[in-house]
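Commentary on secondary and tertiary structure
Spelled out from the first residue to the last, the chains are:
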Amino acid sequence: METGRPFRCRVLIVEDDPAVLETTAAVVRSFGYSVRTAEDGFVALHILREALPDLIISDLSMPSMSGFELLSIIRRRFPHIPTIAVSGEYIAATMPVGLLVDHFFQKGDHTPEQLREKMKELISNSPIRPPLGKADKAPLWIPRRDAEYIVVTCPECLRSSSISDDTAPGEVRDVECLACGATIRYLVDAGVLKLLEQRKSMVPPSPVKGNSGR
Ligand SMILES: [Zn+2]
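Notes on the structure follow. (Residues numbered from 1 in each chain as written. Predicted model: local features only at pLDDT ≥ 70, side-chain atom pairs only at ≥ 80, totals over all residues. Heavy atoms only, no water.)

Topic: the overall build of the protein
- In terms of helices and strands, the protein carries 5 helices and 10 strands.
- By element, 56% of the accessible surface of the protein is carried by carbon and sulfur atoms, the whole surface being about 12700 Å². (Helix = DSSP H or I, 4+ residues; strand = E, 2+ residues; numbered from the N terminus. Areas by Shrake-Rupley, 256 points an atom, 1.4 Å probe, with all protein chains shown as cover.)

Here's what the structure looks like:
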């Protein structure tokens, strides 16, 4: 599609070694791509919240969130974004290429030209970028349990945390994910709550009472 304006494909590079990150970013920029960098998976998820790149290059061994974890989240949430994994460890044989990533490069075992060719190929083969789904905006549905806390799993980084449960029935709440900072919108199921309240207010424990008066 010609728009008359120069369009540069965007690449996100995730790498915890600052020197490697800088070198890779410089190489990829020299190919004409617009580059953003992240020093770990959580920073990468933060960037993905702002803008989706056309390709992601990620290291595999990083602190706090491994590249495997990050790439599996990306595969699930943004299956259309092509990904390249880079690693210093020799794991190419066990790497589930195609399933988790589209290509694997051994660190220091490929030329810039090979990287450029692979990037070009993956970007041109990737489907047209679909709009962000509504799934991100829909609140999580959490069945209320008879406990003081509820367990919320962040849809962005998939980490779970328990938070105190003081929501009103049917109230949609926002809570910040302690791991990645994403806003998690959730709704504690009011039907379950109502059932519990009914059960508490029933004096002699008896089977389900009719509640037609509501
Ligand atoms: Zn999170």
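So, next bit.
Details of the coordination of the zinc ion
- The protein atoms that coordinate the zinc ion are Cys154 (SG), Cys157 (SG), Cys177 (SG) and Cys180 (SG), at distances spanning 2.3 to 2.4 Å.
- Every donor counted, the 4 donor atoms about the zinc ion form angles of 108 to 111° at the centre, which fits tetrahedral coordination.
- Summarised as a motif, the one-chain spacing of the donors to the zinc ion is C-x2-C-x19-C-x2-C. Pair noted here: Cys154 is in the loop between strand S7 (149–153) and strand S8 (160–164) and Cys180 is in the loop between strand S9 (172–176) and strand S10 (183–188), with a separation of 26 residues, a long-range link.
- Looking at Cys154, the relative accessible area reads 0%, which means it is buried.
- Here Cys180 falls in the buried class, since its relative accessible area comes to 9%. (Donors = N, O, S within 2.8 Å, 3.2 Å for Na, K, Ca; no water. Tetrahedral: all angles 85-135°; square planar, octahedral: opposite > 155°, others 65-115°. Buried < 20%, exposed > 50% of the residue type's maximum accessible area, 1.4 Å probe, protein only.)

Regarding the nonpolar core
- Within the largest apolar cluster, 28 residues are counted, with the highest numbers of intra-cluster contacts made by Leu12, Val14, Leu48 and Cys157.
- Listing elements by their share of this core, those giving two or more residues are strand S1 (10–14), helix H2 (41–50), helix H3 (67–77), S7 and S10.
- For this core, the domains that each give at least three residues are domain 1 (10–125) and domain 2 (134–201).
- Aside from chain neighbours lying at most four places away, what touches Leu12 is Arg36, Thr37, Ala38, Ala44, Ile47, Leu48, Pro53, Leu55, Ile56 and Ile57.
- Counting residues in each nonpolar core, the second largest holds 18 residues, with Val11, Leu21, Ile57 and Leu122 among its members. (Core = buried A, V, L, I, M, F, W, Y, C linked by side-chain atoms within 4.5 Å. Domains from an automatic or database assignment. Contact = heavy atoms within 4.5 Å.)

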